[in-house]
Amino acid sequence: MAYKSPVYNVISVPVEKVKPNTYNPNAVAPPEMKLLYESIKEDGYTMPIVCYYSKEKDIYVIVDGFHRYRIMMEFQDIYEREKGMIPVSVIDKPIDHRMASTIRHNRARGSHNVDLMSNIVKELHEIGRSDAWISRHLGMDRDEILRLKQITGLSALFRDVKFGQAWRPEDEEEME
């Protein structure tokens, strides 16, 4: 029989039957949690929660996706919209392999390339998106947007920035 990846068998599970594991070392900072909420609010659940099904307890133990699970548990609007159901992809592995899977999932997410992020900010500005729009939709604060603009070095990216006068040159008469 040919191997079939678990993602081809996504099931809808009552979120109350899904439980966190006890070994996940991953933590998500509040700004990223806010962005995850916005992502799920705007796009819905686009990735299932990876779980192990415990037949003895009739529960699904999370291997990956704890923070997506948390969004449903903590935000009533998402819970109601999804009718308390969450997409789950089931893997059947012993605990040591599940632990390894959790770490692989966490570490495989990688990080964003600064140059590519700078180009995204540049392109969004070129199509008319404001810093406020970028901040809200990409989960960036104003300082991060400013740093990414500085990397590209294009003055057009600063067209929305209001600069004050930090100093005024003295009149020539005063200088003599």
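Every value quoted in this text rests on a predicted model; they were computed, and no experiment measured them.

A. A nonpolar patch on the surface, seen in detail. Taken together, V7, Y8 and V10 make up a surface patch of nonpolar side chains, about 310 Å² in accessible area. Assignment of secondary structure puts V10 in the segment before β1 (11-14).

B. Summary view of the pairing of strand β5 (residues 85-90). Pairing geometry for β1 and β5, over four bridges, is antiparallel. Across the sheet, residue S12 finds its bridge partner in β5, namely P87. Relative to β5, strand β3 (residues 49-54) is paired through three bridges, and the arrangement is parallel. Of the residues in β5, the one forming a bridge with C51 is V90.

C. Geometry of the sheet that holds strand β2 (residues 18-19). If you trace the five strands from one edge of the open sheet to the other, you get β1-β5-β3-β4-β2, paired in mixed fashion. Unpaired on one side and paired on the other, β1 and β2 mark the two borders of the sheet. Strand contacts of helix α4 (residues 95-108): β3 and β4 (59-64), with the helix running at about 45° to β4, the strand carrying the most contacts.

D. Expanded view of helix α2 (residues 66-74). Of the positions making up α2, those classed as buried are H67, R68, Y69, I71 and M72. Those residues of α2 that are buried are in contact with β2, α1 (30-43), β3, β4, α3 (76-81) and β5.

E. Highlighting the pattern of salt bridges. Counted by the stated rule, this structure contains six salt bridges. The salt bridge partner of D131 is K149, with a shortest N-O separation of 2.9 Å. Linking D131 in helix α6 (residues 131-138) with K149 in helix α7 (residues 142-152), this pair joins segments that are 18 residues apart in sequence. By relative accessible area, D131 is classed as buried at 12%.

F. Inspection of the nonpolar core at higher detail. Within the largest apolar cluster, 17 residues are counted, with the highest numbers of intra-cluster contacts made by V18, Y45, C51, I71, I86 and V88. Going through the elements one at a time, α1, β3, β4, α2 and β5 are the ones with two or more residues in this core. When residues no more than four places from it in sequence are discounted, the contact partners of V18 are V13, C51, Y60, I62, Y69, I86 and V88. M117, L124, I145 and L148 belong to the second-largest nonpolar core, a separate cluster that totals seven residues.

G. Expanded view of the packing of aromatic side chains. Under the counting rule described, the total for this entry stands at three aromatic pairs. Ring centres 4.2 Å apart and planes at 25° place the aromatic pair Y37 and F75 in the stacked group. Highlighted residues: Y37 in helix α1 and F75 in the loop between α2 and α3, separated in sequence by 38 residues. For F75, a relative accessible area of 29% translates into the label partly exposed.

H. Summary view of unusual backbone geometry. Unusually for a residue other than glycine, D58 sits at a positive phi of about 55°. For D58, the position within the fold is in the loop between β3 and β4. Here K83, not a glycine, exhibits a phi torsion of approximately 55°, which is positive. Tracing the chain through its elements places K83 in the loop between α3 and β5.

I. Quick peek at the environment of R136. By the secondary structure assignment, R136 is in helix α6. The sequence separation of R136 and K34 amounts to 102 residues, and the corresponding C-alpha distance is 9.9 Å.

Cut-offs used in this document
Residues numbered from 1 in each chain as written. Predicted model: local features only at pLDDT ≥ 70, side-chain atom pairs only at ≥ 80, totals over all residues. Heavy atoms only, no water. Patch = residues over 30% accessible without salt bridge, like charges linked within 9 Å, V, L, I, M, F, W, Y side chains within 5 Å. Areas by Shrake-Rupley, 256 points an atom, 1.4 Å probe, with all protein chains shown as cover. Salt bridge = Lys/Arg side-chain N within 4 Å of Asp/Glu carboxyl O. Helix = DSSP H or I, 4+ residues; strand = E, 2+ residues; numbered from the N terminus. Pairing = 2+ DSSP bridges. Contact = heavy atoms within 4.5 Å. Axes fitted to C-alpha atoms, helices over the stretch in contact; angles between N-to-C directions. Buried < 20%, exposed > 50% of the residue type's maximum accessible area, 1.4 Å probe, protein only. Core = buried A, V, L, I, M, F, W, Y, C linked by side-chain atoms within 4.5 Å. Phe/Tyr/Trp six-rings, centres within 6.5 Å; stacked < 30°, edge-to-face > 60°.

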